[in-house]
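One-letter residues, chain by chain:
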Amino acid sequence: MKILHLDTNHPLLLNQLTTAGFENDEDYTSTKEEIQSKIHNYSGIIIRSRFKIDKIFLDKAKNLKFIGRIGAGLENIDIQHAEKLGVKLFNAPEGNRNAVGEHALGMILSLFNKLNNGDHSVRNGQWLREEHRGVELDGKTVGIIGYGNMGRAFAKKLRGFAVEVICYDIKDDVENSDATQVELDELFEKTDVLSLHTPETPKTISMIDTTFINKFKKPFWLINTARGKSVVTKDLVKGIEEGKILGAGLDVLEYEKSSFENLFTSENDMPKEFTKLLKMNNVILSPHVAGWTVESKEKLAQTIVDKIKAEFC
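Predicted, not measured: the structure shown is a model, and the values here were computed from it.

Asks: Looking at this structure, I do not really get the sheet that holds strand 12 (residues 283–285). What am I missing?
Replies: Within a beta sheet, neighbouring strands are joined by backbone hydrogen bonds and run either parallel or antiparallel to one another. Taking strand neighbours across the sheet as the criterion, the 7 strands line up as 8-7-6-9-10-11-12 in an open arrangement whose pairing is parallel. Each edge of the sheet is formed by a strand with only one pairing partner; in this case those strands are strand 8 (180–181) and strand 12. Relative to strand 9 (residues 193–196), strand 6 (residues 141–145) runs parallel, the two being bridged by 4 bridges. When the bridges of strand 9 are listed, V142 appears paired with V193. Contacts from helix 5 (residues 93–112) reach strand 9, strand 10 (220–224), strand 11 (245–250) and strand 12 within the one sheet, and its direction differs from that of strand 10 by about 145°.

Here you go:
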């Protein structure tokens, strides 16, 4: 069985698949059109986020048996058409869920304790203690939207804090000992910190808008380590300016390309609401790296190898 690798990954991926008897080819530079012209030669694809696997691509992949996606989300793949063609889809949320949970917690603690601002102040020769007085997570209610692999991993990280953890999910009966499942009305009423752990779907795109924000009974902190398109940036900025959102930790942004590789080619391309966001000292930004650790790189690759071997060996 021949596998085409379209993104570089941890070496164990190639090594273990070769040992298992698969033939591996690597192509990290050809255009999508060039890949399409030869994809009929392969039974498997390993991809991260290089380009979309759409209906046209899948129809040309006459012998394709599986797609391995090194990551959690499958939004760059036409899932329905792949399933119609009998193509197996393997993703790896198990591989980076711990990293995402730690990153989300780190963002909360950094925001609460003004760590970024304090660091910048000291580096500039200032010693402003009162201006950097923090708040404690103890006694707060943390609301999680999306209680799958990522949401559960984040809730697990909160065990050592005296917080109430509640979760909302479109699936029933997902709660466990780390979080109590609630309806949205209770989430709106109780939440002090809201953390998003949802995939990108038609239901989650632009989910956090002014209407949604205004339903919360208390000002709240927002953490998004999921997908950028879930939050309408101009509405987030408005919420912060009006005091309805106390601050935000954003690992993802709605302006990201589908490959997650970059944002803007120049400052002139930046929307005005994003330039406002950049100037807010109660906002922490990171470049879509919540699940991007040394350990998760290995875990993601190992998860995909294990799933391929379980199905085809």
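Back to the text.
Asks: Just to check I follow, could you spell out the side chain of R227 for this structure?
Replies: The residue R227 is located in the loop between strand 10 and helix 10 (233–241) in this model. Within the local environment of R227, its side chain forms a polar contact with the side chain of E75, the two groups lying 2.3 Å apart.

Asks: Before we go on, may I ask you to explain the packing of aromatic side chains in this structure?
Replies: We describe a pair of aromatic rings using the distance from one ring centre to the other and the angle between the two ring planes. This structure, assessed with the given rule, holds 10 aromatic pairs. Taking the centre distance of 5.7 Å and the plane angle of 50° together, the rings of F51 and F57 count as tilted. As far as burial versus exposure is concerned, F51 and F57 are alike and both buried. Ring plane angle 45° and centroid distance 5.8 Å describe the contact between F66 and F90, whose orientation is recorded as tilted. Taken together, the residues span a long stretch of sequence, with F66 in strand 4 (residues 66–69) and F90 in strand 5 (residues 88–90) at a distance of 24 residues. Residue classification places F90 among the buried positions, given a relative accessible area of 9%. Among the aromatic side chains, those forming a connected cluster through ring pairs are F188, F212, F216 and F220. Its guanidinium or amino end placed over the ring of Y42, K2 lies 5.0 Å from that ring's centre, counting from NZ or CZ.

Asks: Could you clarify how one ought to interpret empty space enclosed by the protein in this entry?
Replies: Any empty space left between the atoms is revealed when a probe the size of a water molecule rolls over them. The full count for this structure, using the stated rule, is 2 cavities of 30 Å³ or more. In this structure, the largest cavity is lined by 13 residues; those nearest its centre are R48, S49, R69, G73 and N76. For the lining of the largest cavity, the class distribution of residues is 6 nonpolar, 3 polar and 4 charged. Along the walls of the second largest cavity sit N224, G228, V231, T233, L236, L250, V252, L253 and E254, which together make up its complete lining. For the lining of the second largest cavity, the residue count by class is 5 nonpolar, 3 polar and 1 charged.

Asks: Which parts of the structure should I look at to understand the packing of helix 5 against helix 7 (residues 149–157)?
Replies: Between two packed helices, the angle of one axis relative to the other and the distance separating the axes together describe the packing. Running from amino to carboxyl end, helix 5 crosses helix 7 at an angle of 50°, the nearest separation of the two axes being 8 Å. When the interaxial angle is binned, helix 5 and helix 7 end up oblique. Like other packed secondary-structure pairs, helix 5 and helix 7 cross with a definite hand, here right-handed. Along its contact with helix 5, which presents P93, E94, N96, R97, N98, V100, G101, E102, A104, L105 and I108, the element helix 7 presents N149, M150, A153, F154 and K157.

Asks: I would appreciate a short explanation of unusual backbone geometry in the present structure.
Replies: Only a minority of non-glycine residues have a phi that is not negative, and only a minority of peptide bonds are not trans. For S206, which is not glycine, the phi torsion reads 60° and is therefore positive. Judged by its relative accessible area of 36%, S206 is partly exposed. Its identity as a non-glycine residue notwithstanding, H288 has a phi of 55°, on the positive side. Secondary-structure assignment places H288 in the loop between strand 12 and helix 12 (294–312).

Asks: Help me understand the pairing of strand 3 (residues 44–47), please; the structure alone is not making it clear to me.
Replies: Look at any regular strand and the pattern is simple: side chains alternate between the two faces of the sheet. Here strand 3 shows no split at all, with G44 and I46 on one side and I45 and I47 on the other all buried. Across 3 bridges, the pairing between strand 1 (residues 2–5) and strand 3 is parallel. The partner of H5 across the bridge, within strand 3, is I46. Pairing between strand 3 and strand 4: 4 bridges, direction parallel. Counted as the bridge partner of I47 is R69 from strand 4.

Asks: Would you mind showing me how to read the sheet that holds strand 3 here?
Replies: Strand order in this open sheet of 5 strands is 2-1-3-4-5, and the pairing throughout is parallel. Unpaired on one side and paired on the other, strand 2 (23–26) and strand 5 mark the two borders of the sheet. On average, each strand axis in the sheet is tilted by 20° relative to the strand beside it, whichever way the strands run. Relative to strand 5, strand 4 is paired through 3 bridges, and the arrangement is parallel. When the bridges of strand 5 are listed, G68 appears paired with F90. Along the sheet face, helix 12 touches strand 3, strand 4 and strand 5 and points at about 150° away from the line of strand 5.

Definitions and cut-offs
- Residues numbered from 1 in each chain as written.
- Predicted model: local features only at pLDDT ≥ 70, side-chain atom pairs only at ≥ 80, totals over all residues.
- Heavy atoms only, no water.
- Pairing = 2+ DSSP bridges.
- Helix = DSSP H or I, 4+ residues; strand = E, 2+ residues; numbered from the N terminus.
- Contact = heavy atoms within 4.5 Å.
- Axes fitted to C-alpha atoms, helices over the stretch in contact; angles between N-to-C directions.
- Polar contact = N/O pair within 3.5 Å; in protein donor to acceptor, adjacent residues only side chain to side chain.
- Phe/Tyr/Trp six-rings, centres within 6.5 Å; stacked < 30°, edge-to-face > 60°.
- Buried < 20%, exposed > 50% of the residue type's maximum accessible area, 1.4 Å probe, protein only.
- Lys NZ or Arg CZ within 6 Å of the ring centre and 35° of its normal.
- 1 Å grid on protein atoms, 1.4 Å probe; cavity = no way out; pocket = protein on both sides within 12 Å on 5 of 7 lines; lining within 4 Å.
- Points joined across faces, edges and corners; volume = space filled by probe spheres on them.
- Nonpolar A, V, L, I, M, F, W, Y, C, P; charged D, E, K, R; others polar.
- Parallel < 35°, antiparallel > 145°, perpendicular 65-115°, else oblique.
- Left-handed = near helix turned anticlockwise from the far one by under 90°.

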